[in-house]
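Structural overview for review
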Amino acid sequence: MSATRATSQPKQRSTADRTGYTVPSSQEIIITIDGPAGTGKSTVARKLAGRLGLDFLDTGAMYRAAAAIMIDRGIDREEVGELVSTVIGADLHFDWSADPPTILAWDHPIDHRIRADDVTELVSYVATIPELRSHMVRKQRVIFAQHPRLVTEGRDQGSVAFPDAPVKFYLDADPAVRARRRIEQLGLENEVSLDEMCRRIAHRDEVDSTRSDGPLICPEDAIVLDTSGLSIEGVIDAMERAVRERVAALIDLE
Ligand code: DC
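Residues numbered from 1 in each chain as written. Predicted model: local features only at pLDDT ≥ 70, side-chain atom pairs only at ≥ 80, totals over all residues. Heavy atoms only, no water.

**Quick look at the overall build of the protein chain**
Filter applied, for reference: Helix and strand labels come from DSSP, where a helix needs a run of H or I of at least four residues and a strand needs a run of E of at least two; each type is numbered from the N terminus. The globule rule is 2.2 Å times the number of residues to the power 0.38, and the radius of gyration it is compared with is taken over C-alpha atoms. Each residue gets one of three labels from its accessible area relative to the maximum for its type: buried under 20%, exposed over 50%, partly exposed in between, using a 1.4 Å probe on protein chains only. Only heavy atoms matter for contacts: two residues are in contact if any of them lie within 4.5 Å across the pair. Each accessible area is a Shrake-Rupley estimate made with a 1.4 Å probe; only the visible protein chains count as cover when residues are assessed. For the purpose of charge, His is not counted, nor are the chain termini; Lys and Arg are scored as positive and Asp and Glu as negative. For charged residues, the charge sits on one atom: NZ in Lys, CZ in Arg, CG in Asp, CD in Glu.
Summing up its helical and strand segments, the protein chain has 10 helices and 8 strands in all. Its C-alpha atoms give the protein chain a radius of gyration of 18 Å, near enough to 18 Å, the size a compact globule of 254 residues would have. If one aligns the C-alpha atoms of the protein chain with their principal axes, the spans along those axes are about 55 × 40 × 30 Å. By residue count, 48% of the 254 residues in the protein chain fall in the buried class. Within the protein chain, residue pairs in contact and separated by at least 24 positions form 74% of the contacts whose partners lie at least 6 positions apart. A total of about 12,000 Å² of accessible surface is found on the protein chain, and carbon and sulfur atoms cover 49% of it. Here the protein chain contributes 31 positive and 42 negative side-chain charges, whose respective centroids are spaced 4 Å apart.

Here it is in C-alpha cells:
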C-alpha cells in the first residue's frame, strides 16, 4: 500500500507561512508514532493530529479491546483460535465523530472497559498473538484507506503496518520519567510506588520488544525524540516542524 497518494488538486504552500501549520487539505499522508508506554505518545499523537488537521488512530485501543473481550467472554489463554475468531466477529471499529475516536465491539462502545487494570495486565500477552496482530494490521490499513490523512500511534506502525509512511517518529524517555507519567496519568499516586511502576513498565517493555511478531523497534528511518526533559507542547512543536518540512518535500516531488 502506498503511504502517500498524490491528488489532482493544486499545490498549496501558503499554509507553511502561517503560525501553526495545517497539512494542505489536498495532501493525503500517514504519520506514524511508535515507542514504549509513558513517553507521552498518545497525548502527543492526538494533539499533533488536531494541530495538523488530521485524524488520529490509537492502535493500542484495538489490542486493549481484544484483551477486554477475552476477559469478558471467559476465553482461556489456550483458546487462541476462539479468541481470534471472536475478535474478528466483534468487528472492532471507531466512532470518528468523538474526539478522540471511541472504540466499539459488536457496535457497542467499550471505551469504558479498555483502561481497566485487568485489561492492562493482559494486553501485552494478547498483543503477542501473531494471528491477532495480522488481523489488527489489516484493519489499520483499511482505516487508513478510509481516513487517508492520519496520525497513527502504537508499537509497530512505522515498522510493520505502514513501512512506507513518509513521516515516522519514535518517542522515548527515561524509565523513571515514564513511570512517573504513568502514575499521574492513571491517578495512582497513593496506590503504586515509583519503583513498582518502573518494574511494571520494564516488564511491559520486555514483552513488547521481544515478541516474535511486530516487536517494538525503532524504524531505521524514524525521527527519534527523547521526551524526558520536554513539555508536551515542546514535543509537538518539534514534530510539527519535521512534518512541515517533509510535506513541503513531498509536494515538490509531485
Ligand atoms: O499504548 P497502549 O498502552 O494502549 O498499548 C496497549 C498494549 O498493546 C501494549 O502492551 C502494547 C500493545 N500494542 C502493540 O503491540 N501494538 C500496537 N500497535 C499498539 C499497542
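**Regarding the pattern of salt bridges**
Operational definition: In what follows, salt bridge is the name for a side-chain nitrogen of Lys or Arg lying within 4 Å of a carboxyl oxygen of Asp or Glu.
In this structure the tally under the stated criterion is 17 salt bridges. Among the salt bridges present, the one from K168 reaches D221, with a minimum N-O distance of 3.1 Å. Residue K168 is located in strand 7 (residues 167-172), and its partner D221 is located in the loop between helix 9 (194-210) and strand 8 (223-226); the two are separated by 53 residues in the primary sequence. Accessibility expressed as a relative area gives 5% for K168, which makes it buried.

**Observations concerning the sheet that holds strand 8**
Heads up, the rule is: Two strands pair under a simple rule: DSSP has to find at least two bridges between them. Axis definition: a line fitted to C-alpha atoms, over the contacting stretch in the case of helices. Angles run 0 to 180 degrees between N-to-C directions.
On the basis of which strands lie adjacent, the open sheet formed by 5 strands has the order 2-6-1-7-8 and parallel pairing. Of all strands in the sheet, those with a lone pairing partner are strand 2 (55-58) and strand 8, marking the two edges. The mean angle between the axes of side-by-side strands here comes to 20°, regardless of whether they run parallel or antiparallel. Examined bridge by bridge, strand 7 and strand 8 share 4 bridges and lie parallel to one another. Residue pairing for strand 8: Y170 is matched across the bridge by V224. Set on the sheet, helix 1 (residues 41-52) makes contact with strand 1 (29-34), strand 2, strand 6 (149-154) and strand 7; between it and strand 6 the angle comes to about 175°. Docked against the sheet, helix 10 (residues 232-253) engages strand 1, strand 7 and strand 8, running at close to 160° with respect to strand 7.

**Considering the nonpolar core**
Rules: Definition of nonpolar core: a set of buried residues of the types Ala, Val, Leu, Ile, Met, Phe, Trp, Tyr and Cys, connected through side-chain atoms within 4.5 Å.
If you look at the biggest cluster of nonpolar residues, it comprises 37 residues, and the most contacted ones within it are V87, L92, I103, L132 and M136. At the level of secondary structure, the elements contributing two or more residues to this core comprise helix 2 (59-72), helix 3 (80-90), strand 4 (102-105), helix 5 (117-126) and helix 6 (130-146). In terms of residue count, helix 2 provides more of this core than any other element does, 9 residues in total. Setting aside its immediate chain neighbours within four residues, V87 contacts A66, I69, L92, L132, H135 and M136.

**As for the layout of surface pockets**
Applicable threshold: Definitions used for this entry: grid spacing 1 Å over protein atoms alone; cavity, a set of points where a 1.4 Å probe fits but cannot get out; pocket, an open set with protein on both sides within 12 Å along at least 5 of 7 lines; lining residue, one with an atom within 4 Å of a point. Grid points are joined across faces, edges and corners, and a volume is the space filled by probe spheres set on the points. Residues were grouped as follows: Ala, Val, Leu, Ile, Met, Phe, Trp, Tyr, Cys and Pro as nonpolar; Asp, Glu, Lys and Arg as charged; and all remaining residues, including Gly, as polar.
The calculated volume of the second largest pocket comes to roughly 150 Å³. Secondary structure elements with two or more residues in the lining of the second largest pocket: helix 1 and strand 2. Sort the elements by how many residues they give to the lining of the second largest pocket and helix 1 lands first, with 3 residues. Grouping the constituent residues of the lining of the second largest pocket by class yields 7 nonpolar, 1 polar and 3 charged.

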